[in-house]
Amino acid sequence: AQSVTQLDSQVPVFEEAPVELRCNYSSSVSVYLFWYVQYPNQGLQLLLKYLSGSTLVKGINGFEAEFNKSQTSFHLRKPSVHISDTAEYFCAVSDYSGYALNFGKGTSLLVTP
Amino acid sequence: DAGVIQSPRHEVTEMGQEVTLRCKPISGHNSLFWYRQTMMRGLELLIYFNNNVPIDDSGMPEDRFSAKMPNASFSTLKIQPSEPRDSAVYFCASIADGGNAQPQHFGDGTRLSIL
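Residues numbered from 1 in each chain as written. Chains lettered and ligands numbered in written order. Predicted model: local features only at pLDDT ≥ 70, side-chain atom pairs only at ≥ 80, totals over all residues. Heavy atoms only, no water.

Peer 1: Explanation requested: the sheet that holds strand β3 (residues 19–24) of chain B in the structure shown.
Peer 2: Strand pairing within a sheet occurs via backbone hydrogen bonds; the two strands may be parallel or antiparallel. Residues and elements named next belong to chain B. Ordered by their spatial adjacency, four strands build an open sheet running β1-β3-β8-β7, and the pairing between neighbours is antiparallel. Unpaired on one side and paired on the other, β1 (5–7) and β7 (65–71) mark the two borders of the sheet. On average, each strand axis in the sheet is tilted by 15° relative to the strand beside it, whichever way the strands run. Relative to strand β8 (residues 74–79), β3 runs antiparallel, the two being bridged by five bridges. Along β8, the bridge assignment pairs valine 19 with isoleucine 79. (Pairing = 2+ DSSP bridges. Helix = DSSP H or I, 4+ residues; strand = E, 2+ residues; numbered from the N terminus. Axes fitted to C-alpha atoms, helices over the stretch in contact; angles between N-to-C directions.)

Here you go:
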């Protein structure tokens, strides 16, 4: 089975500062990796996904993530955050079926002026 | 497209009552997922359907929970009898063909409170 660990439950950051949200995965097989974002009182939206190929994946809203197989990591980064990026961010993993996702516990990103 | 539609958005009821949560997936999507989100356990997959057939219900917590998908445009998640520990936000999500890790499209959730 696959699983993910999000190392930080909360990340406070000032507006226009860079941010990195950490995610490590565990799996005995090759996997697909995802980052989803959840704004208050809404469902989750896909930010980006890694299937294969280039290890640097670019997503929406200026976010990107880098797949590192040797470190089993898939950290999410943004060079300059906005107030509107305040949300809950979830890392997720699936096997090659692409069906069931196992989500991490989430990281709450709080951007302040 | 209207997206995944869940109803009701909020439900407050007393323990022991039957609760029914409803989901309308995006038209043309053939897989549907039910998740439960709590502070303690995060986001848990309860069950998912492919072409209206339940594929994996290993996440359904107990026999009090049941889910159906009578047709491609409607699914229900039922809790009978409900208990306070069932209080959570329940999400429904749908995807098109499951190959190539198509993104899951989530509804806005049903916030369930069992008193």
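On we go.
Peer 1: Explain the state of the cysteines to me, please; I cannot follow it from the model alone.
Peer 2: Two cysteines joined by a covalent bond between their sulfur atoms form a disulfide. Evaluation of the coordinates by the stated rule reveals two disulfides over all chains. Put simply, Cys23(A) and Cys91(A) are joined by a disulfide, and their sulfur atoms are 2.0 Å apart. Torsion about the S-S bond of the Cys23(A) and Cys91(A) cystine: about -65°, corresponding to left-handed handedness. Here Cys91(A) lies in strand β10 (residues 87–94) and Cys23(A) lies in strand β4 (residues 23–26), a separation of 68 residues in the sequence. Assessed through its relative accessible area of 0%, Cys23(A) is described here as buried. For Cys91(A), a relative accessible area of 0% puts it in the buried group. The partner cysteine of Cys23(B) in its disulfide is Cys92(B), sulfur to sulfur 1.9 Å. Taking the sign of the S-S torsion, -70° for the link of Cys23(B) and Cys92(B), the bridge is left-handed. You can see Cys23(B) sitting in strand β3 and its partner Cys92(B) sitting in strand β9 (residues 88–95), a full 69 residues away along the chain. (Disulfide = S-S within 2.5 Å. Buried < 20%, exposed > 50% of the residue type's maximum accessible area, 1.4 Å probe, protein only.)

Peer 1: Just checking my understanding: could you explain the pattern of salt bridges for this structure?
Peer 2: Any two side chains of opposite charge can pair if their charged atoms end up close together. On inspection of all chains with the given rule, the structure shows 14 salt bridges over all chains. Residues Arg22(A) and Asp8(A) are paired through a salt bridge, measuring 2.9 Å at the closest nitrogen-oxygen approach. One end of the pair, Arg22(A), is in the loop between β3 (19–21) and β4; the other, Asp8(A), is in the loop between β1 (3–6) and β2 (10–14), with 14 residues separating them in the sequence. Judged by its relative accessible area of 33%, Arg22(A) is partly exposed. With a shortest N-O distance of 3.9 Å, Lys78(B) and Glu18(B) are connected by a salt bridge. Placement of Lys78(B) in strand β8 and of Glu18(B) in the loop between β2 (10–13) and β3 is noted, with a sequence separation of 60 residues between them. Residue classification places Glu18(B) among the partly exposed positions, given a relative accessible area of 44%. Through salt bridges with shared partners, one network takes in Glu62(B), Arg64(B), Glu83(B), Arg85(B) and Asp86(B). (Salt bridge = Lys/Arg side-chain N within 4 Å of Asp/Glu carboxyl O.)

In short, geometric facts, not functional conclusions.
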